[in-house]
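Given next are the chains, with one letter for each unit.
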Amino acid sequence: MEAVLEGLAQAFTPVTLGFVLFGVVLGIVVGAIPGLSSPMAIAIAVPLTFYMSPLAAIAFLLGVNKGGEFGGSISAILLNTPGTPEAAATALDGHPLARRGKAGKALKTALYSSVAGDTFSDVVLILVAAPLAVIALKMGPPELLGVLIFAFTFVTALLGKSMIKGLIAAVLGVLLSMVGIDPEAAIPRLTFDVLELEDGLSFAGVAIGLLAFSEVVLQIERSYLRENGAGDGMVSFSRSREDNAFTRRDFRQVRGTVARSAVIGTVVGAIPGLGTSLAGFLGYGAAMKASKHPEEFGKGRLEGVAATEAANSAVVGSNLIPLLTLGIPGNVAAALLAGAFLIHGITPGPMIFRDHAALVYGMFGCLIVANLMNLLVGSVGLRVFALAVRAPRSVVMPSVALLCVTGSFVAGGGLFAVATMMVFGILGYLMRKLDFSIIAFILGFILGPMVERSLRHTVILLDDAQAVLDHPFLILMLALSAVAVFWLGRRPRGSLGR
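Everything quoted here is computed from the prediction, not taken from an experiment.

Student: When you look at the overall build of the chain in this model, what are you seeing that I'm missing?
Tutor: For the chain, the helix and strand inventory stands at 21 helices and 2 strands. By residue count, 57% of the 498 residues in the chain fall in the buried class. Considering only contacts within the chain whose residues lie at least 6 apart along the sequence, 79% involve residues at least 24 apart. Put simply, the chain shows about 20800 Å² of open surface, and 68% of that area lies on carbon and sulfur atoms.

Student: Even after reading the chapter, I still don't get the side chain of Thr 16, so can you show me in this structure?
Tutor: Looking at the element boundaries, Thr 16 is found in helix H2 (residues 14–32). Ignoring anything within four residues of it in the chain, the contact list for Thr 16 reads Gln 10, Ala 11, Leu 55, Ala 59 and Cys 366.

Student: So what exactly am I meant to see when it comes to the packing of aromatic side chains here?
Tutor: A ring pair, where both rings are aromatic, is described by two values, the distance of the centres and the angle of the planes. Summed over all chains, the structure comprises 6 aromatic pairs. An angle of 65° between the planes, with centres 6.3 Å apart, marks the rings of Phe 19 and Phe 60 as edge-to-face. Residue Phe 19 is found in helix H2, and its partner Phe 60 is found in helix H4 (residues 54–79); the two are separated by 41 residues along the sequence. Ring centres of Tyr 361 and Phe 364 lie 5.7 Å apart, and the angle between their planes is 85°; on these two criteria the pair is classed as edge-to-face. Within this pair, Tyr 361 and its partner Phe 364 are both found in helix H17 (residues 357–386), separated by 3 residues, close to a single helical turn. According to the relative accessible area criterion, Tyr 361 is partly exposed, its value standing at 23%. An aromatic cluster of three or more residues is present, and its members are Phe 19, Phe 22 and Phe 60. When the ring centre of Phe 436 is taken as origin, the NZ or CZ atom of Lys 165, which lies over that ring, is 5.4 Å away.

Student: What is the right way to read helix H3 (residues 38–45) from this model?
Tutor: Owing to its 3.6 residues per turn, the α-helix aligns residues three or four sequence positions apart on the same side. Along H3, 8 of the 8 residues are buried, which leaves the element largely enclosed by surrounding structure. Buried residues of H3: Ser 38, Pro 39, Met 40, Ala 41, Ile 42, Ala 43, Ile 44 and Ala 45, and no others.

Student: Any chance you could explain the packing of helix H15 (residues 332–343) against helix H20 (residues 438–461) here in plain terms?
Tutor: Put simply, H15 and H20 touch, their axes get as near as 10 Å, and they point 25° apart. When the axis of H15 is compared with that of H20, the two are roughly parallel. Considering the relative orientation of H15 and H20, their crossing is left-handed. Of H20, the residues touching H15 (which contributes Val 332, Ala 335, Ala 338 and Gly 339) are Ile 439, Ile 442 and Ile 446.

Student: Please explain the pattern of salt bridges as it appears in this structure.
Tutor: Between side chains of opposite charge, a pair can form when the charged atoms approach closely. Across all of its chains, the model carries 10 salt bridges by this definition. A salt bridge links Lys 66 to Asp 118; its shortest N-O distance comes to 2.7 Å. Of the two residues, Lys 66 is situated in helix H4 and Asp 118 in helix H6 (residues 103–137); the sequence distance between them amounts to 52 residues. An identical accessibility class is assigned to Lys 66 and Asp 118; each is buried. Salt-bridge contacts for Lys 433 lead to Glu 221; the nearest nitrogen and oxygen are separated by 3.3 Å. With Lys 433 in helix H19 (residues 415–434) and Glu 221 in helix H9 (residues 203–224), the pair connects residues that are 212 residues apart, well separated along the chain. Residue Lys 433 is classed as partly exposed on the basis of its relative accessible area, which comes to 46%.

Student: What am I meant to see in the environment of Phe 341 here?
Tutor: As for its position among the elements, Phe 341 is in helix H15. On the accessibility criterion, Phe 341 (2% relative accessible area) is buried. In this structure, the C-alpha to C-alpha distance between Phe 341 and Ala 57, residues 284 residues apart in sequence, is 8.8 Å. When sequence neighbours within four positions are dropped, the list of residues in contact with Phe 341 reads Ile 58, Leu 323, Leu 324, Ile 346, Pro 348, Ile 352, Leu 359 and Met 363.

Student: Which parts of the structure should I look at to understand the confidence of the model for the chain?
Tutor: Detailed reading of the predicted coordinates is not advisable wherever pLDDT is low. For the chain, per-residue confidence averages 79 on the pLDDT scale, and residues scoring 70 or more make up 85% of the total. Across residues 227–234, where pLDDT falls below 50, the model places 19 contacts with residues more than four positions away in sequence or in other chains. Across residues 493–498, confidence stays below pLDDT 50; counting only partners more than four residues off in sequence or on other chains, it has 25 contacts.

Student: It is not clear to me how the packing of H9 against H15 should be interpreted in this structure. Could you clarify?
Tutor: Between two packed helices, both the angle of their axes relative to each other and the distance between the axes serve to describe the pair. At their nearest, the axes of H9 and H15 sit 10 Å apart, and the two run at 160° to each other. Between H9 and H15, the angle is such that the two are roughly antiparallel. For H9 against H15, the interelement crossing comes out left-handed. Seen from H9, the contacting residues are Phe 203, Ala 207 and Leu 211; seen from H15, they are Val 332, Ala 335, Leu 336 and Gly 339. Taken together, the residues of the contact of H9 with H15 break down into 6 nonpolar, 1 polar and no charged.

Student: Is there a simple way to explain the environment of Gly 349 in this structure?
Tutor: The topology assignment puts Gly 349 in the loop between H15 and helix H16 (352–355). Gly 349 sits in the buried class, given a relative accessible area of 4%. Each residue touching Gly 349, except ones within four places of it in the same chain, is listed here: Leu 323, Leu 324, Thr 325, Leu 326 and Gly 327.

Student: In this structure, what is going on with a nonpolar patch on the surface? I would like to understand it.
Tutor: On the surface, Val 123, Ile 126, Leu 127, Ile 368 and Leu 372 cluster together into a nonpolar patch covering about 430 Å² of accessible area. Elements with a minimum of two residues in the nonpolar patch: H6 and H17. It is H6 that provides the largest number of residues to the nonpolar patch, a total of 3 residues. Here Ile 126 is to be found in helix H6. Relative accessible area serves as the criterion here: at 32%, Ile 126 is assigned to the partly exposed category.

Student: Any chance you could explain unusual backbone geometry here in plain terms?
Tutor: In this model, Phe 192 sits at a positive phi of 55°, which is unusual for a non-glycine residue. Mapped onto the fold, Phe 192 is located in the loop between strand E2 (188–189) and H9. According to the relative accessible area criterion, Phe 192 is exposed, its value standing at 71%. Phi is positive for Asp 193, close to 60°, though the residue is something other than glycine.

Student: Looking at this model, I keep getting lost on the nonpolar core. Mind explaining?
Tutor: Burial of nonpolar side chains together is a common tendency in soluble globular proteins. In terms of nonpolar packing, the biggest core is built from 115 residues, with Phe 341, Phe 364 and Leu 447 touching the most fellow members. Among the elements that make up this core, the one with the highest residue count is H4 (13 residues). Those residues in contact with Leu 447, other than ones at most four positions away along the chain, are Leu 148, Phe 152, Gly 327, Ile 328 and Pro 329. Grouped together as the second largest cluster of nonpolar side chains are 5 residues, Ala 89, Ala 287, Phe 297 and Ala 307 included.

Calculation criteria
Residues numbered from 1 in each chain as written. Predicted model: local features only at pLDDT ≥ 70, side-chain atom pairs only at ≥ 80, totals over all residues. Heavy atoms only, no water. Helix = DSSP H or I, 4+ residues; strand = E, 2+ residues; numbered from the N terminus. Buried < 20%, exposed > 50% of the residue type's maximum accessible area, 1.4 Å probe, protein only. Contact = heavy atoms within 4.5 Å. Areas by Shrake-Rupley, 256 points an atom, 1.4 Å probe, with all protein chains shown as cover. Phe/Tyr/Trp six-rings, centres within 6.5 Å; stacked < 30°, edge-to-face > 60°. Lys NZ or Arg CZ within 6 Å of the ring centre and 35° of its normal. Axes fitted to C-alpha atoms, helices over the stretch in contact; angles between N-to-C directions. Parallel < 35°, antiparallel > 145°, perpendicular 65-115°, else oblique. Left-handed = near helix turned anticlockwise from the far one by under 90°. Salt bridge = Lys/Arg side-chain N within 4 Å of Asp/Glu carboxyl O. pLDDT = per-residue confidence, 0-100. Nonpolar A, V, L, I, M, F, W, Y, C, P; charged D, E, K, R; others polar. Patch = residues over 30% accessible without salt bridge, like charges linked within 9 Å, V, L, I, M, F, W, Y side chains within 5 Å. Core = buried A, V, L, I, M, F, W, Y, C linked by side-chain atoms within 4.5 Å.

Next comes the structure, spelled out in structure tokens:
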């Protein structure tokens, strides 16, 4: 109880609340700009947290993530151009509503549904994270190794159009995470006599390059090829109060849909690798099946907007469950949060509840505060944030590129980190073009040291092959990994996430 009170006291300080508010505003603005996304915003914002306290840093990034999830719906509804990939399903009904003069109603439905789904998943996280962490603490190196192997195979089997490409990306991430000084032999490895590499690759440079700078390169290519414009097709807000208000009748119409999608999004988020895009489309599909008028979906149904936003926002809280209990990021945003933890000298996983309990409960408090601020800021500034979609790419992309260079320089400690960021930006661009999973790569880069440590300890503990029989949980995880490879590898390949 003392840790809970201490954490909440730290969460409700003016400084922490200010960073949460700043993060929410930044996330909404970035999410509303077509071509940008909340993971990109988090990647750029991570270096800004370098000199913050750990709780303020995590609270700021959580605010960015939550604001970005809602912000993507703004351009989806007004421009029919999702600001984030997970908002793609929102555009199916949101834009038709906006074209009928009900842009205000559609945006408020998206906002309220997003906050409701997000709050539900946060409550689930708060209730289940600590008990699951207690179970995780009972696992030794062999059991942890089994969980990590299963996580890699399961995630890479789901992502992208090719399981082989997913595995290649994950293995490449693990390999590059080993650059630097060997933790046991204390000798340089994979440094090629480059002194700067002995400290390892800068996480900020790698993340910013893969997520943000690669997107800048891709957008420049698209602008050059004239594949899309910026700010075209903007719809206007109706002056009618009925078209802009979210009424009790609207609430009764969507409440069941929001509840259903919140559960779907929470379950999807708790499973590493599935992602917000899948949650949004699953919520949308479930709403269509449950509706008495499925033929009206895609033509401007409020349930379509509510279903998508509640589902994809519910992922934000629940994807922290595997991160805090097992140290396994659930998606890109969680992987970047894991990197922020590491920057501040905190290793995510079950031990965090013992060693940094006040930080965890302070973070829980910030999650709820961020939802309230998301609701407040979104309600007050909907029309203002809608102007973000008008920003021309010729202004947005150079600004993002400048932030990439500045952020990697500050967080990485010099020009070498900037060069690292640019190299990984080109690598990220090639991975996007060739459909290699960036999520799988980042997952491998984050978990690589943990995999290496668990494998070494397991080899020491298990003297011979028969000793494996004394660890049934390891055998179970290896069997599930084989099933995941066989079953998911044979399914028709889609693009659940990148």
